[in-house]
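What follows is each chain in one-letter form.
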Amino acid sequence: QVHLVESGGGLVQAGGSLRLSCAASGRTFSDYAMGWFRQAPGKEREFVAGINWSGVTTEYADSVKGRFYVSRDNAKNTVYLQMNSLKPEDTAVYYCAARLSRGTIVVVTIMSFYNFWGQGTQVTVSS
């Protein structure tokens, strides 16, 4: 079992920045690829960004490329999502997720492939 706790959400004006953190516990963090997903009211949960177990490979949704950056610190068991140039359409609950995948460089963007999920953190971008 991997326990994930997100933090760093909040209210920000359009054009601003936020950094989300996701702290993991329970298993060897570096055994897992990590993903960030988001769900806006009335919409399906969608992939935002992901990073492989070592941090060498990242993947982004087209809607956030060039604005969001995912990183991880395996020594701190934490994955981050730096969000810049935020837009009102980025408003959503953001979730981090873990997928057991040590040794691979592939970042999976499909939600059902992730084994463990955090409780989410709200990000609201005002216009």
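Keep in mind that what you see is a predicted model, and the values were worked out from it rather than measured.

A. Examining the overall build of the chain more closely. Tallying secondary structure elements over the chain gives 0 helices and 11 strands in all. Secondary structure of the chain in N-to-C order comes out as β-β-β-β-β-β-β-β-β-β-β. Against the compact-globule benchmark of 14 Å for 127 residues, the chain has a radius of gyration of 13 Å, which places it among compact chains. Its C-alpha atoms put the chain at 40 × 25 × 25 Å along the principal axes. Counting over 127 residues, the chain shows a buried share of 45%. In the chain, of all internal contacts separated by at least 6 residues, the share reaching a separation of at least 24 is 60%. By element, 50% of the accessible surface of the chain is carried by carbon and sulfur atoms, the whole surface being about 6,300 Å². Charged side chains of the chain number 12 positive and 9 negative; the gap between the two group centres comes to 4 Å.

B. Representation of the side chain of S30 within the structure. By secondary structure assignment, the location of S30 is in the loop between β3 (18-25) and β4 (32-39). Here S30 is in contact with W53, R72, N74 and R102, once residues within four sequence places are set aside.

C. Structural context of the state of the cysteines. Counted by the stated rule, this structure contains 1 disulfide. Disulfide pairing places C22 opposite C96 at an S-S distance of 1.9 Å. In this structure, the disulfide formed by C22 and C96 twists by about 45° around the S-S bond and is classed as right-handed. Residue C22 is located in strand β3, and its partner C96 is located in strand β9 (residues 92-100); the two are separated by 74 residues in the primary sequence. When its relative accessible area of 0% is taken as the criterion, C22 is described as buried.

Thresholds applied
Residues numbered from 1 in each chain as written. Predicted model: local features only at pLDDT ≥ 70, side-chain atom pairs only at ≥ 80, totals over all residues. Heavy atoms only, no water. Helix = DSSP H or I, 4+ residues; strand = E, 2+ residues; numbered from the N terminus. Rg over C-alpha atoms; globule rule 2.2 N^0.38 Å. Buried < 20%, exposed > 50% of the residue type's maximum accessible area, 1.4 Å probe, protein only. Contact = heavy atoms within 4.5 Å. Areas by Shrake-Rupley, 256 points an atom, 1.4 Å probe, with all protein chains shown as cover. Lys, Arg positive; Asp, Glu negative; His and termini not counted. Charge placed at Lys NZ, Arg CZ, Asp CG, Glu CD. Disulfide = S-S within 2.5 Å.

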